[in-house]
Amino acid sequence: MKQSLIESNGQTSGLFIDGQWREAAHKEVFQVENPSNGEVIAEVCDATSNDARAAFEAACKAQDAWAATAPRYRSEILRNAFEILKRDSEQFASLITLEMGKPIAESRGEVAYANEFLRWFSEEAVRIGGRTGSVPEGHLGLITRRKPVGPSLLITPWNFPLAMITRKVGPAIAAGCTMVIKPAALTPLTALKLGEVFVEAGLPAGVLNIVPSSRASEISGPILADSRLRKISFTGSTNVGKILMKAAADNVVRSSMELGGNAPFLVFEDANLDQAIEGAVAAKLRNNGEACTAANRFIVHSSVYEEFSRRLAERFDQLTVGDGLLESTDCGPLIDSRSLANIESLIQDALQRGAKRITREEQFDGPGHFMRPTLLTNVAPESRIINEEIFGPVAPIVSFENDAEAWQIANQTEYGLASYVYTESLDRLLTASDQIEAGIMGWNSGVVSNAAAPFGGVKQSGTGREGGIEGIEDYTTLQYIGTRLPTS
């Protein structure tokens, strides 16, 4: 292989199944590239449908014994993994930057964020409970208890290759579920390295299985067709999520879907503009805009529209674009050439409809997929950049005259994941929370994700919640026991 990925008895492999590192059934590999320079950094075993079946068989075989383990035991494994990941945080950060491209400072932030899910769910593992009482008529006692939902399929994206895994694996382990992980083909290395962490942490064989593949349907297809599957959790595009939900329906598999976004960032006339500018940079350019929670549209009151646009453009123009491994880099490359071409087409569509670019342009030579942070004004409402998820360092700025118009513009999308509101008025915030159709809202803050908070959307942004005390619920089934009470 180009680069040793996992060493076991002198053999290099890229699949982790039933506690063992092994080659893919057909022994083929796929390449992983550094988006900053196009260099191949690794070749990873390319899992097939047979590998998927083997991984799921291992998960099913381990399920009963794993579900029977003590909550404290599961808690301590997660806590062990937290300490190991903390110890190896710099290695993980460098690997994330190599295969995904984000600046090293942001990769360090992702590692810390990802690790909080391990710590959070290590604490939640011992707090899974139910309730007791009696029915209103008084003749039955009421007991509820939560049990592990069972073998799960976890499909994760490339943009947060560590955090999107720990956000799913943490509650699955805590609840007593076994799993198969299908990481994104663009960023499988981080997932495989996390497998090493859980081996060292003491996780039993078969509880966690990792099958990277360049052919996603070869992994999801046979597992979704297996009647023993109890849950699928997917983070990715809405279109793929719909396909998976349809497939899951055949066996009535519980589905958690964290899908696309088109987040509005609203700035009202009473907003603190210093805070709004800082929040806008964070909400738009965190992860180079390649985040489902990224601010997609800046919706600004007409009285502060010109000042906000000018100041934000100045901030964007000051940022350094380059290789994410350089400490001086503010914005790394996009993940691949297809993403770059798509965003360029969004910009051209808007410009052809009369939009104006207010940030400087810069041409990048070489194989890296770089783009300068870009702001557009005078954007026509029918422009693609208004209506589609951008997933890059580009955003339109539109104006509004009154609150009713702001709500109307914010909700003009099929998505409903994140939203951001900048105002000094508590009354307006509460109205915004009623009026804006979104599962997440940031008030005077451009970054709100936290392991202790529920993450998820409405409309076509998905179903279910990850993180927080709510995050473990989808990995459990609720059982009610009605007990006959003695009559007086």
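Residues numbered from 1 in each chain as written. Predicted model: local features only at pLDDT ≥ 70, side-chain atom pairs only at ≥ 80, totals over all residues. Heavy atoms only, no water.

Student: Would you take a moment to explain the sheet that holds strand β17 (residues 374-377) for this structure?
Tutor: Each strand in a sheet pairs with its neighbour through backbone hydrogen bonds, running either in the same direction (parallel) or in the opposite one (antiparallel). Pairing is mixed across the open sheet formed by 7 strands, whose spatial order is β16-β17-β18-β15-β14-β19-β20. Only two strands of the sheet have a single partner each, and these edge strands are β16 (356-357) and β20 (440-443). Sheet analysis places strand β14 (residues 263-267) next to strand β19 (residues 418-422), joined by 3 bridges and oriented parallel. Residue pairing across strands places V267 opposite Y422, the latter belonging to β19. Strands β14, β15 (295-301), β18 (394-400) and β19 of the sheet are contacted by helix α9 (residues 273-285), whose axis makes an angle of about 170° with β14. (Pairing = 2+ DSSP bridges. Helix = DSSP H or I, 4+ residues; strand = E, 2+ residues; numbered from the N terminus. Contact = heavy atoms within 4.5 Å. Axes fitted to C-alpha atoms, helices over the stretch in contact; angles between N-to-C directions.)

Student: Is there a simple way to explain α9 in this structure?
Tutor: Helical geometry: 3.6 residues make up each α-helical turn, so side chains three or four residues apart lie on a common side. Compared with an ideal rise of 1.5 Å per residue, which puts 13 residues at 18 Å, α9 spans 18 Å between its outermost C-alpha atoms and is within 8% of the ideal. Looking at the buried residues of α9, the elements they touch are α4 (104-124), β14, β15, α10 (302-318), β18 and β19. Of the residues trailing α9, N287 is marked for its positive phi of about 60°. (Expected span 1.5 Å × (residues − 1).)

Student: What should I look at first to understand the packing of aromatic side chains in this one?
Tutor: For any pair of aromatic rings, the description rests on two quantities: the centre-to-centre distance and the angle between the ring planes. Counting across every chain of the model gives 11 aromatic pairs. Relative to Y420, the ring of F265 has its centre 5.8 Å away and its plane inclined at 35°; by these criteria the two rings are tilted. With a gap of 155 residues between them, F265 in strand β14 and Y420 in strand β19 connect regions that are remote in the sequence. You can call Y420 buried: its relative accessible area is 2%. Where F265 meets Y422, the ring centres are 5.0 Å apart and the plane angle is 25°; that geometry is what we call stacked. Of the two residues, F265 sits in strand β14 while Y422 sits in strand β19, which places them 157 residues apart along the sequence. Judged by relative accessible area, F265 falls into the buried class, the value being 0%. Overall, Y422 belongs to the buried group, its relative accessible area being 1%. Aromatic rings pair up to connect F265, F298, F308, Y420 and Y422 into one cluster. Just above the ring of Y475 sits the side chain of K231; from NZ or CZ to the centre is 4.7 Å. (Phe/Tyr/Trp six-rings, centres within 6.5 Å; stacked < 30°, edge-to-face > 60°. Buried < 20%, exposed > 50% of the residue type's maximum accessible area, 1.4 Å probe, protein only. Lys NZ or Arg CZ within 6 Å of the ring centre and 35° of its normal.)

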